[in-house]
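# Structural overview
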Amino acid sequence: MIRFEEVCKVYPDGTTAVDGLSFEVAEGELVTLVGPSGCGKTTTMMMVNRLIEPTSGRILVGGEDVSRVDPVRLRRRIGYVIQQVGLFPHRTVLDNTATVPSLLGWKRRRARARAAELLDLVGLDPKTYGDRYPEQLSGGQRQRVGVARALAADPPVLLMDEPFGAVDPVVRERLQNEFLNLQATVRKTVLLVTHDLEEAVRMGDRIAVYGHGRIEQFGTPGAVLGAPATDYVARFVGADRGLKRLSVTEIDEDSLEQPPVARPDEPAGVAAARLRAADARWAVVLNAAGDLHGWVSAESLALAGDRGTVGDLTCRMEAWVPLGAPLKRAFGEMLQHDAGWVAVVDGERFAGVLTPAKLHEALRRSVGAEALGVGRDQVEFESVADV
Ligand SMILES: Nc1ncnc2c1ncn2[C@@H]1O[C@H](COP(=O)(O)OP(=O)(O)OP(=O)(O)O)[C@@H](O)[C@H]1O
């Protein structure tokens, strides 16, 4: 969808900002460009919408050489989100959002209706915020308007230059997650520039790690963190890449342990005997459909003796995560609840539990698989007991 072919940019003063760049962003893919300050990320991005012209090489968008498209028309087809947002101070939020549809000649009513729809999509109630001016918004809200405006004319391509750079880390993480949810629906082809590796890893389907004017490695976040292609990339991703991998490795069903199970309507004594025989200290409580009710300790079952059912003694499950969530989230839940394990659910269905040992095993498996360049499903590893 976006294709760079041997693109170079040398500024008039002789600075080579981009040096023979070739890569592709597939339709619906989000690629992050990450690297230290001054390595050519912004130059790369601005050549796509012709705010900067390359010295040599070609850039294609949707198969069309951008140098043959009128720049103004081109920019209306490409959403652009920048750190400073660049909202018009004297226009309301609604009018700011409707900018591109209006320029494209949409009728005023249609443009404003579309803008309201987009504000809603980025989490700003158009009735509350639509008539405000940019200065009456928080930094995070302004960024959301920036995203809404870029999406208003439904461009297939979105360029984002440090889009979440101007807000504090907490708001930043929230905006990143909101954007990822949005992207799951709108599926734009996105090129996102950042100097923050965490952001690149969290947001990108693939990451391009920039050295000076060149891509040092282009691959999935897992591959870049797990198997840095060069010393430069290894230094850039840093020694704590194992920890960063927690953010990109998903919890899968194979990584889970299956603890003993009890039913809510079961007599406490029956469950107690079963747990004793299995030498287990607790069981998960599931209903007949396999949905998670909570957990019960062997101790409370033993104390109850012949009185009552498992359901009476069931405790709420505080620490749980959905299947497919990153390992980092499971780790966070364990720490937050001071728990030795965390339940994993697939919708309502209980899928298993993740223990620290299983978490470690899953992490090792994903690092090993990426380093060998083989799919995770093709790899068999020793179990925790063998380690
Ligand atoms: N108009 C210009 N004239 C000369 N050199 C320039 C010009 N614009 C940028 N450069 C140089 O080109 C190189 C790449 O700049 P660019 O802005 O693309 O980097 P970047 O990776 O986006 O950096 P940052 O993260 O700091 O924004 C830098 O060395 C910069 O000084």
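If you look the protein chain up in an unreviewed UniProt entry, it shows as ABC transporter ATP-binding protein from Streptomyces spongiicola. If you open the UniProt record of the protein chain and go to Sequence similarities (unreviewed entry), you find "Belongs to the ABC transporter superfamily."

This part covers helix H16 (residues 327–336). Residues separated by three or four positions in an α-helix point in the same direction, a consequence of the helix having 3.6 residues per turn. What H16 keeps buried is the set Leu327, Ala330, Glu333 and Met334. In a view along the axis of H16, the buried residues occupy a sector of 120°, so they form one face of it. More than 90 degrees from the buried face of H16, the exposed residues found are Leu335 and Gln336.

So, about the site of the ligand. The environment of the ligand is formed by Tyr11, Asp13, Thr15, Ala17, Pro36, Ser37, Gly38, Cys39, Gly40, Lys41, Thr42 and Thr43. One nitrogen or oxygen atom from the side chain of Tyr11 is found 3.5 Å from a nitrogen atom belonging to the ligand. One of the side-chain nitrogen or oxygen atoms of Thr43 is found 2.5 Å away from an oxygen atom of the ligand. Here the ligand loses 60% of its free accessible area of 630 Å² to cover by the protein chains. By residue number, the principal contributor to the shell around the ligand is helix H1 (residues 41–48), which donates 3 residues. Per-class residue counts for the shell around the ligand are 4 nonpolar, 6 polar and 2 charged.

Its domain assignment divides the protein chain into domain 1 (2–248) and domain 2 (253–363). Averaged C-alpha coordinates put domain 1 and domain 2 at centres separated by 42 Å. At the junction of the two partners, domain 1 supplies 6 residues and domain 2 supplies 6 residues. Taking both sides of the interface into account, the surface hidden between domain 1 and domain 2 amounts to around 480 Å²; carbon and sulfur atoms contribute 64%. Our enumeration of links across domain 1 and domain 2 arrives at 1 salt bridge. In this structure, the connection of domain 1 to domain 2 is made through 0 residue pairs in polar contact (both at pLDDT 80 or more). Secondary structure elements with two or more residues in the side of domain 1 that touches domain 2: helix H9 (197–203) and helix H12 (241–248).

Another point: the sheet that holds strand E4 (residues 56–61). Taken in spatial order, the 4 strands line up as E2-E1-E4-E5 in an open sheet, and their pairing is antiparallel. Among the strands making up the open sheet, the edge pair consists of strand E2 (16–25) and strand E5 (64–65). Note: strand E1 (residues 2–10) against E2, 6 bridges, orientation antiparallel. Looking at E2, one finds that Phe4 is bridged to Phe23.

Peptide bonds are mostly trans, and most non-glycine residues show a negative phi. Even without being a glycine, Glu162 presents a positive backbone phi close to 45°. In this fold, Glu162 is placed in the loop between strand E7 (157–161) and helix H8 (169–186). Phi angles above zero are rare outside glycine, and Arg187 is one such case at about 50°. Position of Arg187 among the secondary structure elements: in the loop between H8 and strand E8 (189–194). The partly exposed category is assigned to Arg187, whose relative accessible area is 48%.

With that out of the way, let us pick up the packing of helix H5 (residues 108–121) against helix H7 (residues 139–151). Running from N to C, H5 and H7 cross one another at 135°; their axes reach a closest spacing of 9 Å. Our classification of the angle between H5 and H7 gives oblique. In the packing of H5 onto H7, the handedness of the crossing is right-handed. Residues Arg114, Leu118 and Leu119 of H5 form the contact with H7, whose own contacting residues are Val145, Ala148 and Leu151. Across the contact of H5 with H7, the residue classes break down as 5 nonpolar, no polar and 1 charged.

All chains considered together, the criterion is met by 5 aromatic pairs. Consider the rings of Phe23 and Phe218, whose centres lie 5.6 Å apart with planes at 65°: the pair is edge-to-face. With Phe23 in strand E2 and Phe218 in strand E10 (residues 215–219), this residue pair connects regions lying 195 residues apart in the sequence. Assessed through its relative accessible area of 28%, Phe218 is described here as partly exposed. Note on Trp282 and Trp341: the rings are 3.9 Å apart at their centroids and 10° apart in plane angle, and the pair reads as stacked. Remark: Trp341 occurs in the loop between H16 and strand E15 (342–346) and Trp282 occurs in strand E12 (residues 282–286); sequence separation between them is 59 residues. Owing to a relative accessible area of 17%, Trp282 belongs among the buried residues under this scheme. A relative accessible area of 14% places Trp341 in the buried class. Taken together through their ring pairs, the aromatic side chains of Phe4, Phe23 and Phe218 make up a single cluster. Taking the ring centre of Phe88 as reference, the NZ or CZ of Arg91 above it sits at 4.5 Å.

What counts and how
Residues numbered from 1 in each chain as written. Predicted model: local features only at pLDDT ≥ 70, side-chain atom pairs only at ≥ 80, totals over all residues. Heavy atoms only, no water. UniProt positions renumbered as here; feature names shortened; annotations may be inferred. Buried < 20%, exposed > 50% of the residue type's maximum accessible area, 1.4 Å probe, protein only. Helix = DSSP H or I, 4+ residues; strand = E, 2+ residues; numbered from the N terminus. Arc of directions from axis to C-beta. Near = heavy atom within 4 Å. Polar contact = N/O pair within 3.5 Å; in protein donor to acceptor, adjacent residues only side chain to side chain. Areas by Shrake-Rupley, 256 points an atom, 1.4 Å probe, with all protein chains shown as cover. Nonpolar A, V, L, I, M, F, W, Y, C, P; charged D, E, K, R; others polar. Domains from an automatic or database assignment. Contact = heavy atoms within 4.5 Å. Buried area = accessible area lost by both parts, 1.4 Å probe. Salt bridge = Lys/Arg side-chain N within 4 Å of Asp/Glu carboxyl O. Pairing = 2+ DSSP bridges. Axes fitted to C-alpha atoms, helices over the stretch in contact; angles between N-to-C directions. Parallel < 35°, antiparallel > 145°, perpendicular 65-115°, else oblique. Left-handed = near helix turned anticlockwise from the far one by under 90°. Phe/Tyr/Trp six-rings, centres within 6.5 Å; stacked < 30°, edge-to-face > 60°. Lys NZ or Arg CZ within 6 Å of the ring centre and 35° of its normal.

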